[in-house]
Amino acid sequence: MKIVLVSGAVIGSKTVTVLNKLKDTLQAQSNQVEVVLLDLRQLQMVFSDGRDFREYSGDTLRVATEIMSADALVLGSPVYQAGISGALKNVLDLLPARALADKVTTAVITAGSPRHFLVADYQLKPILNFMKAVPLASSLYVESKDIAGDEIITGEIITRIDRLASDLLLTTETYQAQLQRLEDSLF
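All of the points below concern the structure found in this document. (Residues numbered from 1 in each chain as written. Predicted model: local features only at pLDDT ≥ 70, side-chain atom pairs only at ≥ 80, totals over all residues. Heavy atoms only, no water.)

### So, the overall build of the protein
A tally of helices and strands in the protein yields 5 helices and 8 strands. Secondary structure of the protein in N-to-C order comes out as β-α-β-α-β-α-β-α-β-β-β-β-α. Its C-alpha radius of gyration of 16 Å places the protein within 12% of the 16 Å reference for a compact globule of 187 residues. Expressed as a percentage of its 187 residues, the buried residues of the protein come to 45%. For the protein, contacts bridging at least 24 residues in sequence account for 77% of all contacts bridging at least 6. Within the structure as shown, the protein displays about 9400 Å² of accessible surface, and the carbon and sulfur contribution to it stands at 51%. Charged side chains of the protein number 18 positive and 22 negative; the gap between the two group centres comes to 3 Å. (Helix = DSSP H or I, 4+ residues; strand = E, 2+ residues; numbered from the N terminus. Rg over C-alpha atoms; globule rule 2.2 N^0.38 Å. Buried < 20%, exposed > 50% of the residue type's maximum accessible area, 1.4 Å probe, protein only. Contact = heavy atoms within 4.5 Å. Areas by Shrake-Rupley, 256 points an atom, 1.4 Å probe, with all protein chains shown as cover. Lys, Arg positive; Asp, Glu negative; His and termini not counted. Charge placed at Lys NZ, Arg CZ, Asp CG, Glu CD.)

Encoded structure:
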């Protein structure tokens, strides 16, 4: 099973801090999972211009290809102007409309206050539904007060990361098994 985590911030470290903890937790919970963390701060992405994703090169092609090859996807974003980051939206714009079909998908949102806790539900989930993703019922919202430097300091957030990892692994494993049974019955 391959899980791709995308940190959709080009500055700051809060989102990638949470995703790094989630990555470690996923790997601790299953030795049969490959977890890839794409940190957009470290990549040279170009703006989507409507081309097929395979026509891009460099980091842009790598990001699109990693996402397309994933069984599950975790999209991380800080809240900017009451929404997801433009960098994350650009990544989604690079992909074909059905790019997320049959991929279990969830979100990790970081923000300075509790005011925007519905960003994942109101802004990201409609995009994921359009792209035919299989949305995980739960997502994770983390406030700045829960992070100090590159460390999560709130026990409740650690517990919620553990639960998100468990839910993601179980749902992806179950969904992949169902897809395999369906394919086996058709062929």
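### Some remarks on the pairing of strand S4 (residues 104-111)
Most of S4 sits inside the fold, with 8 of its 8 residues counted as buried. Burial of the side chains of S4 extends over both faces: Val104, Thr106, Val108 and Thr110 are buried on one face and Thr105, Ala107, Ile109 and Ala111 on the other. Relative to S4, strand S3 (residues 72-78) runs parallel, the two being bridged by 7 bridges. Following the sheet pairing, Leu75 is matched in S4 by Ala107. A crossover links S3 with its parallel partner S4, the connecting element being helix H3 (residues 86-94), and its sense is right-handed. Taken together, the 2 bridges between S4 and strand S5 (residues 134-135) define a ladder with parallel strand orientation. In the sheet register, Thr105 faces S5, and the bridge partner there is Pro135. Alignment of S4 against strand S6 (residues 140-143), held across 4 bridges, turns out to be parallel. Counterpart to Thr110 in the pairing with S6 is Val142. (Pairing = 2+ DSSP bridges. Right-handed = clockwise from strand over helix to strand, strands pointing away.)

### Looking at the nonpolar core
One finds Val4, Val6, Ile67, Leu75, Leu95 and Leu100 to be the most contacted residues of the largest nonpolar core, which totals 31 residues. Those elements that place two or more of their residues in this core are strand S1 (2-7), strand S2 (34-39), helix H2 (58-68), S3, H3, S4 and helix H4 (119-130). Looking at which element gives the most residues to this core, the answer is H4, with 4 residues. Look past the residues within four positions of Leu95 in its chain and what remains in contact with it is Ala64, Ile67, Met68, Leu100 and Met131. (Core = buried A, V, L, I, M, F, W, Y, C linked by side-chain atoms within 4.5 Å.)

### A word on empty space enclosed by the protein
For the structure on display, the rule yields 1 cavity of 30 Å³ or more. One number sums up the size of the largest cavity: a volume of about 40 Å³. Lining of the largest cavity is provided by Thr105, Thr106, Ala107, Ala120, Leu124, Lys125, Leu128, Leu136, Ser138 and Ser139. Sorting the residues of the lining of the largest cavity by element identifies S4 and H4 as the ones contributing at least two each. A per-element tally of the lining of the largest cavity places H4 first, with 4 residues. Residue classes in the lining of the largest cavity are distributed as 5 nonpolar, 4 polar and 1 charged. (1 Å grid on protein atoms, 1.4 Å probe; cavity = no way out; pocket = protein on both sides within 12 Å on 5 of 7 lines; lining within 4 Å. Points joined across faces, edges and corners; volume = space filled by probe spheres on them. Nonpolar A, V, L, I, M, F, W, Y, C, P; charged D, E, K, R; others polar.)

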